[in-house]
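Tertiary structure, described
One letter stands for each residue in the lines below.
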Amino acid sequence: MSSQVTGRPTGPGGTVKDREIAAEQRYVDIAYTRLEEMRADAQAMIREGYRQSLAGTKGSLVDRDAMVHQAALRAQALDIADDGLVFGRLDLAGTGEVRYVGRIGVRTSEHDSLVIDWRAPAAEDFYRATPEDPRGVVRRRVLHSRGHTVVDLEDDLLDPDAADGMTIVGDGAFLASLARAREGAMRDIVATIQREQDEVIRAPADGTVLVRGAPGTGKTAVALHRVAYLLFRHRRRFGSRGVLVVGPNRRFTAYIERVLPSLGEGSATLRSLGDLVDGVTATVHDTPALAALKGAEEMATVLRRAVADHAPGAPDELRVVFKGVVLSLDRQRLDRIRGDVHRRSRGSVNAARRQVAEMLLDALWQRFNDLGGPEAAREAEGAEAGLWNAILAADGLGALDDEQPGRPAGNGTPREQFDARVREQREFADFLVAFWPIRRPAEVLRSLGDPARLRRAAGRDVHRDDVARLAASWAGPAGGEAPFSYQDVALIDEIDALLGAPPRPSRRRASAAADDPFVVDGVNILTGEEVAEDDWEPEMQELTTSMERLERSRRVDDGVVEERPEYAHIVVDEAQDLSPMQWRMLGRRGRQASWTVVEDPAQSAWEDLAAARTAMDAALSGERPSSRGRNRRRKPAPRRTRHEYELTTNYRNSTEIAAVSARVLARALPEARPARAVRSSGIAPVLRVLPEPDLAAAAREAAEELLAQVEGTIGVIVPFHPAEAHDEGTIPLPHEIASARWDAAARERLAAGLPDRVQVLDVLEAKGLEFDAAVIAAPETVAAQSPNGLRVLYVAVSRATQHLVVLTSAPEWEDILLSG
Ligand SMILES: Nc1ncnc2c1ncn2[C@@H]1O[C@H](COP(=O)(O)OP(=O)(O)OP(=O)(O)O)[C@@H](O)[C@H]1O
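Residues numbered from 1 in each chain as written. Predicted model: local features only at pLDDT ≥ 70, side-chain atom pairs only at ≥ 80, totals over all residues. Heavy atoms only, no water.

1. Considering the side chain of Arg591
- Relative to the helices and strands, Arg591 is located in the loop between α23 (580-587) and β19 (594-599).
- Polar side-chain contacts of Arg591 include one of 2.9 Å to the side chain of Glu566. (Helix = DSSP H or I, 4+ residues; strand = E, 2+ residues; numbered from the N terminus. Polar contact = N/O pair within 3.5 Å; in protein donor to acceptor, adjacent residues only side chain to side chain.)

2. Re the pattern of salt bridges
- Under the criterion given, the structure shown has 60 salt bridges.
- Taking the shortest distance from any N to any O, the salt bridge between Arg135 and Glu124 comes out at 3.2 Å. Taken as a pair, Arg135 in the loop between α3 (124-128) and β6 (137-146) and Glu124 in helix α3 lie far apart in primary sequence, 11 residues in all.
- Asp125 is the partner of Arg135 in a salt bridge, and the nearest nitrogen-oxygen pair spans 2.9 Å. Residue Arg135 is located in the loop between α3 and β6, and its partner Asp125 is located in helix α3; the two are separated by 10 residues in the primary sequence. (Salt bridge = Lys/Arg side-chain N within 4 Å of Asp/Glu carboxyl O.)

3. Brief notes about the UniProt feature "binding site: ATP" (unreviewed entry) in the chain
- As recorded in UniProt, the sites labelled "binding site: ATP" (unreviewed entry) are Gly213, Ala214, Pro215, Gly216, Thr217, Gly218, Lys219 and Thr220.
- Inspection of the secondary structure puts Ala214 in the loop between β9 (208-213) and α6 (219-233).
- In this view, Ala214 contacts Lys219, Asp600, Gln603, Leu647, Ala675 and Tyr794; residues no more than four positions away in its chain are not counted.
- Along the chain, Lys219 falls in helix α6.
- Contact partners of Lys219, with chain neighbours within four places excluded, come to Val211, Arg212, Gly213, Ala214, Val598, Glu599, Asp600, Gln603 and Leu647.
- A polar side-chain atom of Lys219 sits 2.9 Å from the main-chain carbonyl oxygen of Ala214. (UniProt positions renumbered as here; feature names shortened; annotations may be inferred. Contact = heavy atoms within 4.5 Å.)

4. Thoughts on the packing of helix α10 (residues 288-295) against helix α19 (residues 464-475)
- At their nearest, the axes of α10 and α19 sit 11 Å apart, and the two run at 95 degrees to each other. Classified by the angle their axes make, α10 and α19 are roughly perpendicular. Where α10 abuts α19, its residues Ala289, Leu290, Leu293 and Lys294 lie against Asp466, Arg469, Leu470, Ser473 and Trp474. (Axes fitted to C-alpha atoms, helices over the stretch in contact; angles between N-to-C directions. Parallel < 35°, antiparallel > 145°, perpendicular 65-115°, else oblique.)

5. A word on the pairing of β19
- Judged by how many residues are buried, β19 sits mostly within the fold: 6 of 6 residues are covered.
- Side-chain alternation along β19 places Ser594, Thr596 and Val598 on one buried face and Trp595, Val597 and Glu599 on a second face that is also buried.
- The pairing of β9 with β19 spans 5 bridges and is parallel. Across the sheet, the residue bridging to Leu210 is Val597, located in β19. (Buried < 20%, exposed > 50% of the residue type's maximum accessible area, 1.4 Å probe, protein only. Pairing = 2+ DSSP bridges.)

6. Quick look at the packing of aromatic side chains
- Within the structure shown, the criterion is met by 12 aromatic pairs.
- Their ring planes at 75 degrees and their centres at 4.8 Å tell us that Phe322 and Phe418 sit as a pair that is edge-to-face. Here Phe322 is found in strand β12 (residues 318-322), whereas its partner Phe418 is found in helix α15 (residues 414-423), with 96 residues between them in sequence.
- On the basis of an interplanar angle of 35 degrees and a centroid distance of 5.7 Å, the ring pair of Trp365 and Phe368 is categorised as tilted. Of this pair, Trp365 and Phe368 are both found in helix α13 (residues 353-370), 3 residues apart, which corresponds to roughly one turn of the helix.
- Through pairs of rings, three or more aromatic residues link up here, namely Phe322, Trp365, Phe368 and Phe418. (Phe/Tyr/Trp six-rings, centres within 6.5 Å; stacked < 30°, edge-to-face > 60°.)

7. So, the side chain of Glu494
- Relative to the helices and strands, Glu494 is located in helix α20 (residues 486-499).
- Take Glu494: its relative accessible area is 2%, and that puts it in the buried class.
- Within the structure, Glu494 has its side chain in polar contact with the side chain of Arg588 (distance 3.2 Å).
- In contact with Glu494, not counting residues within four places along its chain, are Ala300, Leu303, Met581, Arg584 and Arg588.

8. Quick look at the nonpolar core
- Membership of the largest hydrophobic core comes to 82 residues, with the highest contact counts inside it found for Leu360, Phe428 and Trp583.
- With residues up to four places along the chain from it excluded, the contact list for Leu360 reads Leu318, Leu329, Leu334, Ile337, Phe428, Phe431 and Leu432.
- In terms of nonpolar packing, the next biggest core, distinct from the first, is built from 79 residues, Tyr127, Ala221, Val259 and Leu669 among them. (Core = buried A, V, L, I, M, F, W, Y, C linked by side-chain atoms within 4.5 Å.)

9. Details of the site of the ligand
- Close contacts around the ligand come from 24 residues, with Thr192, Gln197, Lys219, Glu770 and Arg799 the closest.
- One of the side-chain nitrogen or oxygen atoms of Thr220 is found 2.9 Å away from an oxygen atom of the ligand.
- Within the side chain of Gln603, a nitrogen or oxygen atom sits 2.9 Å from an oxygen atom of the ligand.
- In the complex, 99% of the free accessible area of the ligand, which totals 640 Å², lies under the protein chains.
- For the shell around the ligand, the secondary-structure elements that each account for two or more residues are α4 (173-178), α6 and β21 (649-654).
- Ranked by residues supplied to the shell around the ligand, first place goes to α6 with 3 residues.
- Split into classes, the residues belonging to the shell around the ligand amount to 9 nonpolar, 9 polar and 6 charged.
- In this structure, the shell around the ligand is formed jointly by two domains, domain 2 (195-291 + 563-647) and domain 3 (649-819), each of which donates at least three residues. (Near = heavy atom within 4 Å. Areas by Shrake-Rupley, 256 points an atom, 1.4 Å probe, with all protein chains shown as cover. Nonpolar A, V, L, I, M, F, W, Y, C, P; charged D, E, K, R; others polar. Domains from an automatic or database assignment.)

10. Structural notes on the environment of Leu609
- Residue position: Leu609 is located in helix α24 (residues 609-620).
- Distance in space between the C-alpha atoms of Leu609 and Leu578 is 9.3 Å, their sequence separation being 31 residues.

11. Examining the confidence of the model for the chain
- For the chain, per-residue confidence averages 84 on the pLDDT scale, and 82% of positions sit at 70 or higher.
- Low pLDDT (under 50) marks residues 1-9, which in the prediction has 25 contacts with non-local residues, meaning those over four places away or in another chain.
- For the stretch residues 629-634, pLDDT sits under 50, and the model shows 16 contacts to residues farther than four places along the chain or on other chains. (pLDDT = per-residue confidence, 0-100.)

Rendered as structure tokens:
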């Protein structure tokens, strides 16, 4: 027989629960003592590593580096475990075995297990056992601690028949923990991961894991815990080649950035879609209409044409003189050469100057021969030399030699002599640099702010009106540069992939440089660099850690990405909002990767979901994206194994708030199923109807009221501001006038003077975040702002854990949200 208690006093020593807590505390104390010893060992190892380096030999440096690096990682993980080291206990049937589960594994000095790492196979039962399928577990106990102190317990009795004499305590601490105040940053959920979530976390490491679920079902939490799991179980594979976690925007990555370090995993790279390309930062969001244009796969074709167009300011005629004969190439000829080189050098355009130079020389040589070749040269030279000799004779000087001093003595075939003479002419080198400049991806995108240039690139792939809108977004204000948007970053990456890296500064030996026909007087006319004597020895100066090496491999030179890192695993959050162009950007970073993709199609603001799906499939299959966009017929992508999961329980919203979001969902996407909320708060959502111009003031008032009601965060979520200028002559719709009221200045006014725990943000920024209380301003405007406005509103109303206040100027929204 077991006894269920919820804190009844039982005489001396306090309640049963107090005594159970005291017993657990004794065990936890032993685990902490051992943790202390392990930390001391790690520190000793670091000291030993440095001591070895004093020996100074090459071998000891290698040993030292490895030792210090490993010991430092270990010390870091042990520090992380200091808070809430042990959080679970399993009592098993039959043998009576007891297992403690914690943030990291702890063993006694005799290697007996004291605490099992939550990611180890032996901890799986802690998350998977249910009364229907107890998996040999009689009782599961969750320990709640503050620092080193156990403050509460909660038990689940899974197998009553086997629970002879076992004490069961608990009062719904799990549900209570869901209602706790939010601090503005997401926390880990290791102690309370639920079975359906655990299945995702421990899903196979290969192929793709695709997770769907409604708002608040823990998709983000699960994806992050999966990263920690993969790094723990497959450290060699994922630790060395890296894991990338991608979120929709910077506010979101800031919100989740503490979760992995709190799990002891600081090595994953966390980036927003606006920060994926080194050296470029997105600072604005496009409106959904503009994002749809920029994100469409057709942009790949447009950008390919843009890269193949002549660079701004490129000369359209080349003139050189050889042996007195003027040789020129006109625009048409140059365009043909440019086209030929682009066809052959896609992906390495920036490194193709040598090829260009060779083709120019070919064309000039042909021109020379067309004009009569050596014959013409002799005539022209004779005339020139005659003139000069007359001048020199008049000055009392001797006649010119056949060859100019310092020139090559005319060895080699006539063609070789021709090439050498032309190459060393300043006009030729200057032309080459201007005709084929090393182009920066960001600068190529900005050059499309010129509508004529964009029209050439757009061909028939973009409608004329859309060309004007796109060009306006890249042109920037007079005298300034347009800020880059989140979609622009994917376009810059696409351009970068077409351009490729510039030629690397060569570290050739002087002898090798001497053989290079493009090195003239110690300067490489293809790159402009001086060719250095090679004094570099492969001598190891100082060892670096793998992190330092990774950093170095991604060095940015003057805004040009030198190398694009590739990862072993990529996690994509809020994947329903990725455009085809963004999928292409991710695909380039994970050609060999396995993936975890989490999404909720019902929250997508994207209109053409089918096109995004095709691009997603291509990225996940490791297919190299075609730069011909979707016009090119593709071979179907080889599908890697895909495991699909659905999360069904909403841990964020109270049942009261979940009911509001379910009503919005029913309108936005009648066929979609809402998740089941598990926690009732007793707090009814509030709706206020006011005249439209008063909404901002009312939002501020509501935030001030809520400050007194919740301990944690408050989100004031407002319509987005349409950044696009209206076409002249069209009359803005009422919702556009209303949207324009929510500009950055208005948002700042709204937030002015309020404490940090109040955030004012637009509906597009709210994605993925959560607050204790949310104020939604103008749902009618949000719904009308874009074709998928109702889905955007669905995201907004599903952000709050406890309080929801909606402010509207349209009385019918009361019915829609509260009783519809
Ligand atoms: N097993 C759990 N135990 C405790 N809290 C949980 C659990 N699962 C999820 N949560 C909490 O529920 C909230 C919602 O989780 P999360 O943000 O991961 O959901 P989501 O599905 O990504 O939502 P959205 O679609 O809105 O981005 C978070 O506060 C998270 O910590």
